[in-house]
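# Structural overview for review
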Amino acid sequence: MDSRNRLPSDIEKLQWIVFGLVASLVGVDPQPQRHPHSLWSSFLPPTNGIDHQRQSPAKRPFQPPVNQYTRQGGDNCAINIPGRNGDSACVTYEAVNAAFSATKQRMNLPGPKGRSMTDIDVDHLSQILVETSRNLIREYNLHPDAVHEALPLIDTQRTVIDDFCPAYLKRPKCSVKRYREYNGMCNNLDHPHWGATLSTMRRLLPPDYADGVSEPRISVTGKELPTARYVSAINHRDFGFHDHAVTVYLPAWGQLIDHDMTMGAESKDPETDAEPKCCDKTPNQRHPACWPVEIPTEDPFYSNFGRRCMEFVRSGSGLTENCKLGSRTTMNIITSTLDANFVYGSSKETADKLRRFQGGLLKTNSANHHLGLKDLLPPKLESPDAGCVRPNKDVYCFLAGDTRANQQVMLTTHHTIMMREHNRIAVEFGYINPHWDDEKIYQETRHIVAAMVQHITYNEFLPMVLGKDIMSRYGLLLDKKGMGSFYDPTVDPTIPVGFFAAAYRFGHSLIPSTIERWSVSHQFVSARRLSEMLLNPIDMYGPGICDQYLSGFMNQVSQAVDDSVTEELTNHLFQEGQNRWGLDLASLNMQRGRDNGVPSYNAFRRYCGLPPARHWDDLIGVFTNDTLQRYTNIYSTPDDIDLWSAGISERPAPGSMVGPVFGCIIGETFRNLRYGDRFWYENGGWPSSFTQAQLQEIRKVKLSRLVCDNGDHIDSAQVYVMVLPDPKLNPRVPCRSSVLPRINLELWRDSGDNANYNNDGVHSTGTEEPATVSIHPHETEQLFQVPPAFQHLQEEALLFDEPKYPPDPNHHIRPPPPPPSQQDYVEPPHHQHHPEPIHHHSAGPAYQPDQQHQHRPQQYHPPPKASHPPPVPAIFPVSGTGGVLLLPGPPGHGHHGHHHGHNYGPPPAAGYNHVRRPPRTRVKSNILGKLLKLKG
Ligand code: HEM
């Protein structure tokens, strides 16, 4: 049936009614007037001096067909541009030199060739190249598309640009080694810069800049787009709908691995080395990178505080290999590949700062050792106020491989866990291979930690986010045995701009408004508003707090991926001091997309093989009726819709948390991260390859194992911590159980005559275990019913009620790491020696290391039995709803507002019966629902 003629189903009608009720409760008109006719139409266009005149198609110069531009080898012609009448124009090297020199002078570029450049210098040179390109376009009357298609073909090594291009962008000599470079260089031997630090992100589609070169996207009508805050305030209000399969652990891991893949460069003021402030200046006094978000006068939230301007600074622009000309690019200042750089850093300099240079260990802070607790991250003594807010000068935030480690506790906790895992493995290696030196232990451990990050991401995280169909379409399903020849040197693992600025930000929709702490025995302790926790990781010094967060992440239900985003992020992000308002992350996401030339949602529909919408009606069924209704009011045409906004609002694809367009961008990116990474953990035949037996050990690792091993006193966890516990499908098991096997590091024993390690540190695949290469997954018929994570789970779950889990044989207890040497020891600030337990609004019990925890029992303890009848699983498969149904919440709990740390209800009962109903619940027919059906 033609979806345009489809009548709304009963469920959709119900949604309209419930939405209307909710909207009236919160005082919002569910059907706002069309933007141009409403009061809201009085917005002024952004006033940062950018001339947003998009060239009308009639006035555009002749556009030669794509691929008709030719690079000229000979003489003085840098590039040939075909003209209308068969003639062609030659852009000469002299013209390029003249354009560059004039721009360089105007924009004041100092600096000799080959000097080391900071990201500020890179951004500056990049802007000059963009302006040079703009001059050439003007001079030769080139079509804006030529900027993207033709100008990059010019051989800049034959121009004066080469004198200014930094040494790191020259082609290095690569050799094949066992360990990755910290900066990701030489992963691809033919394209050494693919995926490397300080390189530009990839484009899936040509950029959509208003002027074809660098100015932010505008409407296809030639007018301004609606301001990002308007889109946010209308379409991304906070309804607090919860997912019913995944825990907060899913966004926590998602954000952690984002910080392994992307970090867009900031534009900085060279004088202060900080992002410029924009809102307190008049437009002509502002830094050129200022592009603040305009807040409409009638904004339902900011108008209460008279705010009309939200800080926003354009991303720093990047340089391509040999400093090519072309349109503005986006720089990634960390490596693209999943290499655990958030633990180690993306440069040798950072990595060295984090190392103890003893026993392969990372630096730590042992402030809580005297309480029998494990190490914390070392204090951030350099630039102590960058990226965190300290209550006073004696307290320090934490230092890790990624500078965002202090953004909020979900991150800080996981940086702590991964640092502990590194040190745990390094200590084991010290016992197993006493002849290994610090460097060898450190690098081998780093190699394993990166493999674990890859495995957990593809085995536990992506199946939940994408579902089996998308996983299989993009070749993301992991093999269970054998080694693969996954590496394809033609695949570029560089992160795409659309992934960084839009698709992978789907996670912002998952974030709840409070972060909960639970006890290690899985009882709710307290909750705290997210906005109070941003940039404030100091909690982590509190004894027992790390465990309580870990337990909270695995027990707190996540929000759903949908158009609703918590007000903690849309009104209170990084709220400062006494202010009752902060930034709006939804606005920043859309502004960032426009800033970086990310084309609209409709362009990506085409890219992903979906029919682009010509009329609003074409989008019926793609979004909920409410969302579509709002879009017709917000945007002039379907061609204008921002990718991030539409991506999180799409109805999820079957079995997936995201819709088809985000599924496509995320699927493709993770495909490239697997097939374009020479160091991918399943790859056989390289010096970096694990042996088959070692690979099998890595395949055993689950995130729950890492939590068990690196929490202080965590002694049980559900098998898959990103999924809500369920006695049958995802049972909570003791950490000692063999269901959560620990990696057996004995398989790394290097006995000298062992063929696994040869003398130069290069690890061969050995003769005993030849690397068998399995069939490429694209060619393998996957007999696959449920996401791989759950195949094991189903089998294991059947055994759960029987106390059958013998202790894991690899569960040796090693002594804690040796104390740091005097030389490397970072003295914790004095106040940290006896930190007081930190109490929050709703005080949970202060830390009382219980006896059971202090003397870990050696014998098996069955999991606590629920005192009630078997609990209802935390899943309510609902068929025929298109995946969505609204249920009323418990009486007295209206729109969630802010809980100020209060529990939603009484503490949950023991056992599994702990999943509290959120006030208003969106139930999704999702993967676990399907599993239940499968299980009959
Ligand atoms: C409490 C949780 C989170 C907070 C406070 C947060 C905050 C932010 C902020 C402030 C930015 C920069 C916005 C801009 O100016 O462009 C950002 C970027 C980003 N976020 Fe989040 N985020 C959170 C969780 C997540 C999650 C769960 C994901 C994905 C699963 C995610 C993915 C991203 C991505 C891909 C970027 C771009 C990063 C870059 O390369 O610079 N975030 N986030």
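Refer to the structure above for everything that follows.
Residues numbered from 1 in each chain as written. Predicted model: local features only at pLDDT ≥ 70, side-chain atom pairs only at ≥ 80, totals over all residues. Heavy atoms only, no water.

## Focus on the overall build of the protein chain
Check the secondary structure of the protein chain and you find 24 helices and 15 strands. Looking at the protein chain as a whole, 61% of its 936 residues qualify as buried. For the protein chain, the proportion of contacts with a sequence separation of at least 24, taken over those separated by at least 6, is 77%. A total of about 36000 Å² of accessible surface is found on the protein chain, and carbon and sulfur atoms cover 54% of it. (Helix = DSSP H or I, 4+ residues; strand = E, 2+ residues; numbered from the N terminus. Buried < 20%, exposed > 50% of the residue type's maximum accessible area, 1.4 Å probe, protein only. Contact = heavy atoms within 4.5 Å. Areas by Shrake-Rupley, 256 points an atom, 1.4 Å probe, with all protein chains shown as cover.)

## Considerations on the nonpolar core
Core analysis: the largest hydrophobic core is formed by 164 residues, its most contacted members being Phe 461, Phe 506 and Phe 670. Considering each element in turn, this core owes the most residues, 17 residues, to helix α10 (residues 438-473). Residue contacts for Phe 506: discarding those within four places in its chain leaves Phe 461, Val 465, Val 561, Trp 644, Ile 648, Val 658, Phe 662 and Ile 666. Val 96, Ile 137, Phe 164 and Ile 333 belong to the second largest nonpolar core, which has 38 residues in total. (Core = buried A, V, L, I, M, F, W, Y, C linked by side-chain atoms within 4.5 Å.)

## Some words on the coordination of the iron atom of the ligand
Of the protein atoms, His 508 (NE2) alone serves as a donor to the iron atom of the ligand, at 2.2 Å. In this structure, His 508 sits in the loop between α11 (497-501) and β9 (514-518). (Donors = N, O, S within 2.8 Å, 3.2 Å for Na, K, Ca; no water.)

## So, the site of the ligand
The environment of the ligand is formed by 23 residues, the closest being Asp 258, Thr 262, Arg 505, His 508 and Arg 592. Thr 262 is positioned such that a nitrogen or oxygen atom in its side chain is 2.6 Å from an oxygen atom of the ligand. Within the side chain of His 508, one N or O atom sits 2.9 Å away from a nitrogen atom of the ligand. At the level of elements, α6 (249-261) and α15 (585-595) are the ones that each hand at least two residues to the shell around the ligand. (Near = heavy atom within 4 Å. Polar contact = N/O pair within 3.5 Å; in protein donor to acceptor, adjacent residues only side chain to side chain.)

## Looking at the state of the cysteines
Disulfides are covalent bonds that link the sulfur atoms of two cysteine residues. Applying the stated criterion across every chain yields a total of eight disulfides. Cys 278 shares a disulfide with Cys 290; S-S distance 2.1 Å. Between Cys 278 and Cys 290, the disulfide has an S-S torsion of -85° and is therefore left-handed. Here Cys 290 lies in the loop between α6 and β6 (293-294) and Cys 278 lies in the loop between α6 and β6, a separation of 12 residues in the sequence. Residue Cys 290 is classed as buried on the basis of its relative accessible area of 2%. Cys 388 shares a disulfide with Cys 397; S-S distance 2.1 Å. One disulfide, between Cys 388 and Cys 397, carries an S-S torsion of 100° and so falls in the right-handed class. (Disulfide = S-S within 2.5 Å.)

## Topic: α15
Counting buried positions over the 11 residues of α15 gives 11, a clear majority of the element. Residues of α15 that are buried: Leu 585, Ala 586, Ser 587, Leu 588, Asn 589, Met 590, Gln 591, Arg 592, Gly 593, Arg 594 and Asp 595. At its buried positions, α15 is contacted by α5 (228-235), β6, β7 (309-310), α11, α14 (567-570) and α18 (643-649). Gly 597 sits one or two positions beyond α15 and adopts a positive phi of about 70°.

## Examining the packing of aromatic side chains
Two measures describe an aromatic ring pair: the distance that separates the ring centres and the angle between the ring planes. In this structure the tally under the stated criterion is 25 aromatic pairs. Relative to Phe 553, the ring of Tyr 249 has its centre 5.9 Å away and its plane inclined at 85°; by these criteria the two rings are edge-to-face. Placement of the pair is Tyr 249 in helix α6 and Phe 553 in helix α13 (residues 545-555), with a sequence separation of 304 residues. Accessibility expressed as a relative area gives 0% for Tyr 249, which makes it buried. With a relative accessible area of 0%, Phe 553 lands in the buried category. Ring centres of Tyr 458 and Phe 670 lie 5.8 Å apart, and the angle between their planes is 75°; on these two criteria the pair is classed as edge-to-face. One end of the pair, Tyr 458, is in helix α10; the other, Phe 670, is in helix α19 (residues 660-675), with 212 residues separating them in the sequence. The residues Tyr 458 and Phe 670 share a single accessibility class, namely buried. Aromatic ring contacts, followed pair by pair, group Tyr 458, Phe 499, Tyr 504, Phe 506, Phe 670, Trp 680 and Tyr 681 into a single cluster. Here the guanidinium or amino end of Arg 390 rests over the ring plane of Tyr 396, the centre of that ring lying 5.0 Å away. Here the basic side chain of Lys 440 rests over the ring of Trp 436, its NZ or CZ set 5.2 Å away from the ring centre. (Phe/Tyr/Trp six-rings, centres within 6.5 Å; stacked < 30°, edge-to-face > 60°. Lys NZ or Arg CZ within 6 Å of the ring centre and 35° of its normal.)

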